[in-house]
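# Structural overview for review
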Amino acid sequence: MSADTLSNLKIQIEKLKKDFDQNQQINADKKLIYLGKKGLFNELSKEIKNVSNENKKVAGQLLNELKTYLQNRLETNSSVDHKNKWVDLTIPGKDQESGHVHPISQAIEEISGIFQKIGFTRVRYPEVDWDHYAFEALNMPADHPARDEWETFFVKVPPNKKMGKVVLTPHTSNGQVREMERLKHQPPIRMINIARCYRRQQDVTHTQMFHQFEGLVVDKGINIQHLKGTLDYFAQEFYGPGTKSRIRPFHFQFTEPSFEVDFSCHICHGTGLIADEHGDKQKCGLCKSGWHEVGGAGMVHPNVLKAGGIDPQEYTGFAFGWGVERTYTLRKGLNIDDIRYFYSGETRFLAQF
Ligand code: PHE
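Note that the structure is predicted; figures quoted are calculated from it, not measured.

### Describing the pairing of strand E6 (residues 209-219)
The buried fraction of E6 is high, at 9 of 11 residues. As defined by bridge partners, strand E5 (residues 189-198) adjoins E6 across 10 bridges and the pair is classed as antiparallel. Following the sheet pairing, Met191 is matched in E6 by Leu216. Relative to strand E12 (residues 316-323), E6 is paired through 8 bridges, and the arrangement is antiparallel. Bridging across to E12, Phe213 finds its partner in Trp322.

### Focus on the environment of Val166
Mapped onto the elements of the fold, Val166 is located in strand E4 (residues 164-168). Using a relative accessible area of 11% as the deciding quantity, one classes Val166 as buried. Sequence-wise, Val166 and Tyr328 are 162 residues apart; in three dimensions their C-alpha atoms are separated by 30 Å. Sequence-distant contacts of Val166, defined by excluding residues within four places in its chain, comprise Val128, Asp129, Trp130, Phe154, Val155 and Val157.

### Section: a nonpolar patch on the surface
Residues Leu32, Ile33 and Leu40 make up a contiguous nonpolar surface patch of roughly 270 Å² in combined accessible area. The topology assignment puts Leu32 in helix H2 (residues 27-35). Owing to a relative accessible area of 65%, Leu32 belongs among the exposed residues under this scheme.

### Description of the environment of His226
Following the sequence through the fold, His226 ends up in helix H8 (residues 224-239). Spatially, the C-alpha atoms of His226 and His292 are 21 Å apart, while their sequence positions differ by 66 residues. When sequence neighbours within four positions are dropped, the list of residues in contact with His226 reads Gly221 and Phe318.

### As for the state of the cysteines
Within this structure, the stated rule accounts for 0 disulfides. In this model Cys284 remains outside any disulfide bridge; the closest cysteine sulfur is found in Cys287, 3.6 Å from its own. Overall, the relative accessible area of 1% leaves Cys284 in the buried class. Free of any disulfide, Cys287 has its nearest neighbouring cysteine sulfur in Cys268, separated by 3.5 Å. Exposure remark for Cys287: the relative accessible area of 11% places this residue in the buried category.

### As for empty space enclosed by the protein
Summed over the entire model, instances satisfying the criterion amount to 2 cavities of 30 Å³ or more. In this structure, the largest cavity encloses a volume near 60 Å³. Lining the largest cavity, in full, are Tyr239, Thr243, Phe263, Ser264, Cys265, His266, His292 and Leu330. Split by residue class, the lining of the largest cavity holds 4 nonpolar, 4 polar and no charged. Taken as a whole, the second largest cavity spans an internal volume of roughly 40 Å³. Taken together, Thr5, Asn8, Leu9, Gln12, Glu47 and Val51 make up the lining of the second largest cavity.

### Section: the pattern of salt bridges
Counted according to the given criterion, the structure contains 19 salt bridges. Close ionic contact of Glu43 with Lys46 constitutes a salt bridge, the shortest N to O distance being 3.5 Å. Judged by its relative accessible area of 44%, Glu43 is partly exposed. The salt bridge involving Glu260 is made with Arg248; its shortest N-O contact spans 3.2 Å. Of this pair, Glu260 sits in strand E8 (residues 255-264) while Arg248 is found in strand E7 (residues 245-252), placing the two residues 12 residues apart along the sequence. The exposure class of Arg248 is partly exposed, given its relative accessible area of 26%. Salt bridges here are not isolated pairs; linked through shared partners, they connect Arg246, Arg248, Glu260 and Asp262.

Calculation notes
- Residues numbered from 1 in each chain as written.
- Predicted model: local features only at pLDDT ≥ 70, side-chain atom pairs only at ≥ 80, totals over all residues.
- Heavy atoms only, no water.
- Buried < 20%, exposed > 50% of the residue type's maximum accessible area, 1.4 Å probe, protein only.
- Helix = DSSP H or I, 4+ residues; strand = E, 2+ residues; numbered from the N terminus.
- Pairing = 2+ DSSP bridges.
- Contact = heavy atoms within 4.5 Å.
- Patch = residues over 30% accessible without salt bridge, like charges linked within 9 Å, V, L, I, M, F, W, Y side chains within 5 Å.
- Areas by Shrake-Rupley, 256 points an atom, 1.4 Å probe, with all protein chains shown as cover.
- Salt bridge = Lys/Arg side-chain N within 4 Å of Asp/Glu carboxyl O.
- Disulfide = S-S within 2.5 Å.
- 1 Å grid on protein atoms, 1.4 Å probe; cavity = no way out; pocket = protein on both sides within 12 Å on 5 of 7 lines; lining within 4 Å.
- Points joined across faces, edges and corners; volume = space filled by probe spheres on them.
- Nonpolar A, V, L, I, M, F, W, Y, C, P; charged D, E, K, R; others polar.

Remember that the coordinates give geometry; whether it matters functionally is a separate question.
Structural data, given as structure tokens:
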């Protein structure tokens, strides 16, 4: 048996050597792993007690040789590292991966900049808010069917007598009455409120969390032309010269009259048609109609002004609001067919912006 134990030890010594030679770690770490107090060498040395007395001497010699082998290698390796290794200084350095601001945050900065240039104040209101601000004060009493359109998430906390339930804000319109209160019911108001919103929907054009930006202007003599002028201004600033806006009649409880807002398509310039390679007109593949619908707008409903403590006889206002993600993906050349990518954490997608 003793001869077996010795040959077994020999095998293990060879194994350890091979393992050592293949180990790519830096020398300091290797020293610890192989020659440290609890290292593999000491571990293996314990085997000597199983070797018969007549073979102990040989076993001891073999272990000593192993130790010298490991020590020598560690030394020569480190000296090679420093002195003899040829270094090619012309090889380009390794690219450092650097992060950057998320594309939607970039879009938010850009949008707020565009409105700040014409005197809007950027604000942010709670993203978990009272039903009062999200619906009730916007002319939508508790059982109003129009609320269904907002696919709202409710938070499981006891309701407040005056303010009602707690919701994850389904739109940034909750900022309208809050802004009237912040300014102590004293127009002029020129607000741009950009915040996260939440709705129970998820598909290629919807994420449960998304962002909206909401404009609100209240002053004496504000009319639809001011709204239209502001939309045209935004269209040109964000999508480039020549982009037009269009408003179509719609219904919201908190605006009267209400509109849906479209921007002209940058591919077919609002015509809905593009020439193919033979010069024949074909339907535009991006918009099909010349226009992209982006969101809602309208003249602030008198009841909303009243809820914000502003006299609708004296003041009028307009409001608009829609999604940052949608607005951004309509930009020229982006071609993003699934907005869920934005929140996928997929760096190969995000790195492109
Ligand atoms: N809050 C509306 C929505 O989310 C949009 C809107 C904002 C409409 C302001 C009119 C005025 O659909």
